Amino acid sequence: MFEQLTLARALHVLALVHWLGGVAMVTLVILPAVRRFARPEDRLRLFEEVEGRFSGQAKISVTLAGLSGFYMTWLLEAWDRFLDPAFWWMHAMVLVWAIFTFVLFIGEPLFLHAWFHRKAEAAPEATFRLVHRAHVVLLTASAITIGAAVLGAHGFL
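Residues numbered from 1 in each chain as written. Predicted model: local features only at pLDDT ≥ 70, side-chain atom pairs only at ≥ 80, totals over all residues. Heavy atoms only, no water.

K.L.:
Account for helix H4 (residues 124–153), naming residues and giving values.
P.N.:
Taking 1.5 Å of rise per residue, 30 residues should cover 44 Å, and H4 covers 43 Å from first to last C-alpha, within 8% of that figure. Considered for burial, the residues of H4 that qualify are Pro124, Thr127, Phe128, Val131, His132, His135, Leu139, Ser142, Thr145, Ala148, Ala149 and Gly152. Downstream of H4 by a residue or two, Gly155 has a phi angle that is positive, lying close to 80°. (Helix = DSSP H or I, 4+ residues; strand = E, 2+ residues; numbered from the N terminus. Expected span 1.5 Å × (residues − 1). Buried < 20%, exposed > 50% of the residue type's maximum accessible area, 1.4 Å probe, protein only.)

K.L.:
With reference to specific residues and values, describe the confidence of the model for the chain.
P.N.:
Caution applies to low-pLDDT regions: their predicted coordinates should not be interpreted in detail. On average, residues of the chain carry a pLDDT of 93, and 100% of them reach 70 or more. Looking across the chain, the model is least confident in helix H2 (residues 40–75), with a mean pLDDT of 92, and most confident in helix H3 (residues 88–122), with 95. (pLDDT = per-residue confidence, 0-100.)

K.L.:
Quick one: what's the story with the environment of Thr63, residue by residue and with numbers?
P.N.:
Relative to the elements of secondary structure, Thr63 occurs in helix H2. Spatially, the C-alpha atoms of Thr63 and Leu14 are 12 Å apart, while their sequence positions differ by 49 residues.

K.L.:
With reference to specific residues and values, describe the packing of aromatic side chains.
P.N.:
Taken as a whole and judged by the stated rule, the model has 8 aromatic pairs. With centroids separated by 5.8 Å and ring planes inclined at 55°, the aromatic side chains of Phe87 and Trp89 adopt a geometry described as tilted. You can call Trp89 buried: its relative accessible area is 5%. Measuring from centroid to centroid gives 5.6 Å for Phe116 and Phe128, while their planes differ by 70°, and the two rings are edge-to-face. Here Phe116, found in helix H3, pairs with Phe128, found in helix H4; they are 12 residues apart in sequence, far enough to count as distant. (Phe/Tyr/Trp six-rings, centres within 6.5 Å; stacked < 30°, edge-to-face > 60°.)

Following this line, the structure appears as structure tokens:
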């Protein structure tokens, strides 16, 4: 069991590094650069070219993070932790994962992509400001969750 757990944890961490590292790159570098350097009429195209390359990769990373997290919980028989408020960080991990899973697999293809296009064409500055704020909120929640999960998994919380 120890080897399986170690491999699952390694896969989980690699998936998180790729997924949330990409979110950090989009939030802290790409969106500000697009807003600052691209003409308003070019922002949508430029952002979609760059971010679109990451979207497919993020879907794989989010899926691997979810599957490996589920597997570790199953392997450790840790389901009861979801009933204990002391393990709030496990709920936070599932919540962050669920939000990103919803956005990537349901929201974006069904309505967010079209909404973003309409808003960006009508009011590019306000739209990119809103999208940037949403990314900041999600990145902040993700960073807090990762920190709490590491601390919690090592008995600090």
